[in-house]
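Chain by chain, the residues:
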Amino acid sequence: MIYLKKIEQIKAYEKKMDTLFKDLYDEFLKSKLIKRNNLPTHRGVYAFYENGKAIYVGRANNIRKRIQWHTRESSGSESASFAFNLAKIDYASKGDIAKTRKELMQIEEFIEIFKSHKLNLSNLEFRCIEIENDILQTMFEPYLAFKLETYPVNNTFENH
């Protein structure tokens, strides 16, 4: 329930954030949903969409390359972090997820779940916005996750 407390704390600032990021948010929502092979190579913020609903928000120096890393069959758990996190959620009912990343990636059943998530993610649609400035990207990413309600489910923004 820590996330609910964090969301309540954020809500007090929502109107100020809306004023600050309104134009970027509106531009993002007006962008078209596109498939993986049509992604741009520019810097910015992106979101994975499944059945018309945003499920994950990220940022990258090259959006096409980053999403390819998220979804490429050969990508490891570090590069395909979203698929890895989804696999942990699925595997939790079958095994111990308190193991390290390296330990989980040596369990055949976990690896198969991880691979299936990468494949599923590669078939989704994406929406993105070009943002050159690193600081603005860093600030807009959690705002967008909050607005699209991918926080706290798939975007946690916890420190590691």
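Note that the coordinates shown come from a computational prediction; the quantities given were computed from them, not determined experimentally.

1. Here we look at the pairing of strand β3 (residues 53-60)
One face of the sheet, then the other: side chains in a regular strand alternate in exactly this way. For β3, the tally of buried residues reaches six of eight residues, placing the bulk of the element in the interior. Examined bridge by bridge, strand β2 (residues 44-50) and β3 share seven bridges and lie antiparallel to one another. Directly across from Ala-47, in β3, lies its bridge partner Val-57. Hairpin connection from β2 to β3: two residues lie between these consecutive antiparallel strands, with Asn-51 at a positive phi of about 55°.

2. A word on the pattern of salt bridges
If you walk through the whole model with that rule in mind, you get eight salt bridges. Here Asp-134 makes a salt bridge to Arg-43, at a shortest N to O gap of 1.9 Å. Within this pair, whereas Asp-134 is found in helix α7 (residues 134-148), its partner Arg-43 is found in the loop between β1 (34-35) and β2, the two being separated by 91 residues in sequence.

3. What about the pairing of strand β4 (residues 125-130)?
Where β1 and β4 come together, two bridges link them in antiparallel fashion. Paired with Lys-35 across the bridge in β4 is Glu-125. Where β2 and β4 come together, six bridges link them in antiparallel fashion. Residue pairing for β4: Phe-48 is matched across the bridge by Phe-126.

4. Looking at the sheet that holds β3
Strand order in the open sheet formed by four strands is β1-β4-β2-β3, and the pairing between neighbours is antiparallel. Edge positions in the sheet fall to β1 and β3, since each of these pairs with one other strand and no more.

5. Quick notes on the side chain of Arg-36
When you line up the elements, Arg-36 lands in the loop between β1 and β2. Despite its burial, Arg-36 pairs with no opposite charge; the closest candidate is Glu-73, at 9.4 Å N-O. If we ignore the near neighbours within four places in the chain, the residues touching Arg-36 are Ile-67, Gln-68, Thr-71, Arg-72, Ser-122, Leu-124 and Phe-126.

About the cut-offs
Residues numbered from 1 in each chain as written. Predicted model: local features only at pLDDT ≥ 70, side-chain atom pairs only at ≥ 80, totals over all residues. Heavy atoms only, no water. Buried < 20%, exposed > 50% of the residue type's maximum accessible area, 1.4 Å probe, protein only. Helix = DSSP H or I, 4+ residues; strand = E, 2+ residues; numbered from the N terminus. Pairing = 2+ DSSP bridges. Salt bridge = Lys/Arg side-chain N within 4 Å of Asp/Glu carboxyl O. Lys, Arg positive; Asp, Glu negative; His and termini not counted. Contact = heavy atoms within 4.5 Å.

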